[in-house]
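# A structural walkthrough
Letter by letter, the chains look like this.
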Amino acid sequence: MAVLLGLLVAVSYGSADFLGGFASKSSPAGATVLGSQTISLVIAFGYLLAFGGGAVTSADVGLSALAGVAGVTGVTCLFRGLAVGRMSVVAPVSAVGSALLEVIWGLARGERPAALALVGVALALIAIAVVAGSATEHPMRAVSARSELALGLGAAIGFGGVLICLSETSTGSGMWPIVIGRLVPLPLLALMLVAARRPLLVRRADRGLMAGAGTLDATANVLLLLAVRHDLLSLVAPVAALYPATTVLLAKLVVHEQIGRARVAGLVVAIGGLALIAVR
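## Structural notes on the overall build of the protein
In terms of regular secondary structure, the protein is built from 12 helices and 0 strands. The N-to-C order of helical and strand elements in the protein reads α-α-α-α-α-α-α-α-α-α-α-α. Every one of the 280 residues in the protein was classed for burial, and the buried ones make up 51%. Put simply, 92% of the contacts in the protein that link residues at least 6 apart link residues at least 24 apart.

Structure representation (structure tokens):
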């Protein structure tokens with residue numbers, strides 16, 4: 001079940017990134033993140049009503065707030081990195097870095113997956129690097145390689161922080177961590193944009209994409225919470241981190257981007273890794 005949930009997380013995150021990235025091509029990235037996170041909060045409240053809340057401790061509130069701040073930071077770094085740098089640098093650093101961080105955290109917390117499952121984890125990590133790293137380089141790189149690496153690492157720490165924080169919340173808190181994680185960072189992000197004199201709204205033509213990104217982002221976080229409460233973080237993390245594969249497939253289907261042999265090979269390796277994790 002956790003592998004299936006992890007795959008659904010990867011599909012939701014990858015789709016949200018595709019839509020958000022598409023919107024950011026013509027609308028400011030900060031405004032796109034703010035708008036999508038606002039939509040995500042509304043959808044999160046819907047999931048709360050559907051699945052229930054539960055008893056929330058002060059630790060749950062703190063962890064959920066940290067997850068929210070980490071998530072917004074990760075998305076902002078990713079969108080910025082893809083806009084000004086090379087996808088072949090930023091994407092693999094963010095995906096592989098976050099997965100490694102989450103696996104290391106799970107092992108440090110005492111998780112002990114079977115040897116076969118660990119082989120599957122290794123294959124999944126390799127697949128992430130191949131799928132994301134074989135993307136076309138940005139034709140107009142505006143930042144240094146060090147800046148690209150910094151943005152990729154920022155996204156990795158942000159995404160990894162979301163999964164780690166959510167995994168540490170109590171089961172009895174229900175869907176409250178998702179709502180709190182969306183509610184806390186919104187005013188902070190809005191204040192930052194106002195202070196920097198950046199636009200707060202996206203173009204009308206991009207609002208549908210923004211809404212789709214926010215809906216899928218909230219859905220991914222709900223599925224992520226269910227997954228880490230059902231199984232080991234060190235097994236869920238590499239499956240969920242396969243989200244670049246979804247983005248690649250959507251780019252092929254929607255904008256007819258060439259996938260290339262390397263990314264096809266990466267997808268095959270990913271399927272093999274998931275099979276080993278599933279049959280552990």
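## Details of helix H8 (residues 185-195)
Every buried residue of H8 is accounted for by Pro185, Leu186, Leu189 and Leu193. Around the axis of H8, the buried residues are gathered within 105 degrees of arc, so they sit on the same side. Pointing more than 90 degrees away from the buried face of H8 are the exposed residues Leu191 and Ala195. Just downstream of H8 lies Arg197, where phi reads positive at about 60 degrees.

## Brief notes about the nonpolar core
Counting 55 residues, the largest nonpolar core has Tyr13, Ile128, Leu166, Ile178 and Leu224 as its most contacted members. With near-sequence residues (within four places) excluded, Leu224 lies in contact with Val9, Tyr13, Val162, Leu163, Leu166, Val236 and Ala240.

## Considering a nonpolar patch on the surface
A surface patch of nonpolar side chains, amounting to about 310 Å² of accessible area, comprises Met1, Leu4 and Leu8. With respect to the secondary-structure elements, Leu4 resides in helix H1 (residues 2-24). The exposure class of Leu4 is partly exposed, given its relative accessible area of 48%.

## Comments concerning the environment of Pro185
Relative to the helices and strands, Pro185 resides in helix H8. Look at Pro185 and you get buried, because its relative accessible area is 3%. It is 5.9 Å that separates the C-alpha atoms of Pro185 and Gly68, two residues lying 117 residues apart in sequence.

## Notes on the pattern of salt bridges
Applying the stated rule across the entire model yields 3 salt bridges. Residue Glu168 is joined to Arg109 by a salt bridge in which the shortest nitrogen-to-oxygen separation is 3.0 Å. Of the two residues, Glu168 is situated in helix H6 (residues 145-168) and Arg109 in the loop between helix H4 (87-108) and helix H5 (115-133); the sequence distance between them amounts to 59 residues. With a relative accessible area of 55%, Arg109 lands in the exposed category. With a shortest N-O distance of 2.8 Å, Asp217 and Arg182 are connected by a salt bridge. Placement of Asp217 in helix H9 (residues 207-230) and of Arg182 in helix H7 (residues 176-183) is noted, with a sequence separation of 35 residues between them. According to the relative accessible area criterion, Arg182 is buried, its value standing at 7%.

## Re the packing of H9 against helix H10 (residues 233-240)
Taken N-terminus to C-terminus, the directions of H9 and H10 make an angle of 150 degrees; their axes are 8 Å apart at the nearest point. When the axis of H9 is compared with that of H10, the two are roughly antiparallel. The interaxial crossing formed by H9 with H10 has right-handed handedness. Taken together, the residues of H10 that come into contact with H9 (itself represented by Leu224, Ala227 and Val228) are Leu233, Val236 and Ala240. A class-by-class count of the residues in the contact of H9 with H10 yields 6 nonpolar, no polar and no charged.

## A short note on the side chain of Ser36
Structurally, Ser36 can be placed in helix H2 (residues 29-51). For Ser36, the residues in contact, after removing those within four places along its chain, are Met210, Ala213 and Gly214.

## Describing unusual backbone geometry
At Arg197, a residue that is not glycine, the phi angle is positive and equals roughly 60 degrees. Among the structural elements, Arg197 can be located in the loop between H8 and H9. Looking at Arg197, the relative accessible area reads 79%, which means it is exposed.

## Thoughts on H2
Its 23 residues place the ends of H2 32 Å apart at the C-alpha level, agreeing with the 33 Å of an ideal helix rising 1.5 Å per residue. For H2, the set of buried residues is Ala31, Thr32, Val33, Leu34, Gly35, Ser36, Gln37, Ser40, Leu41, Ala44 and Leu48. In the segment just after H2, Gly52 is the residue with positive phi, at about 95 degrees.

## Quick word on the confidence of the model for the protein
Here the protein averages 82 in pLDDT, and 86% of its residues register 70 or above. The element-level mean pLDDT for the protein is lowest in helix H12 (residues 261-278), coming to 71, with H7 highest at 93.

Rules and cut-offs
- Residues numbered from 1 in each chain as written.
- Predicted model: local features only at pLDDT ≥ 70, side-chain atom pairs only at ≥ 80, totals over all residues.
- Heavy atoms only, no water.
- Helix = DSSP H or I, 4+ residues; strand = E, 2+ residues; numbered from the N terminus.
- Buried < 20%, exposed > 50% of the residue type's maximum accessible area, 1.4 Å probe, protein only.
- Contact = heavy atoms within 4.5 Å.
- Arc of directions from axis to C-beta.
- Core = buried A, V, L, I, M, F, W, Y, C linked by side-chain atoms within 4.5 Å.
- Patch = residues over 30% accessible without salt bridge, like charges linked within 9 Å, V, L, I, M, F, W, Y side chains within 5 Å.
- Areas by Shrake-Rupley, 256 points an atom, 1.4 Å probe, with all protein chains shown as cover.
- Salt bridge = Lys/Arg side-chain N within 4 Å of Asp/Glu carboxyl O.
- Axes fitted to C-alpha atoms, helices over the stretch in contact; angles between N-to-C directions.
- Parallel < 35°, antiparallel > 145°, perpendicular 65-115°, else oblique.
- Left-handed = near helix turned anticlockwise from the far one by under 90°.
- Nonpolar A, V, L, I, M, F, W, Y, C, P; charged D, E, K, R; others polar.
- Expected span 1.5 Å × (residues − 1).
- pLDDT = per-residue confidence, 0-100.

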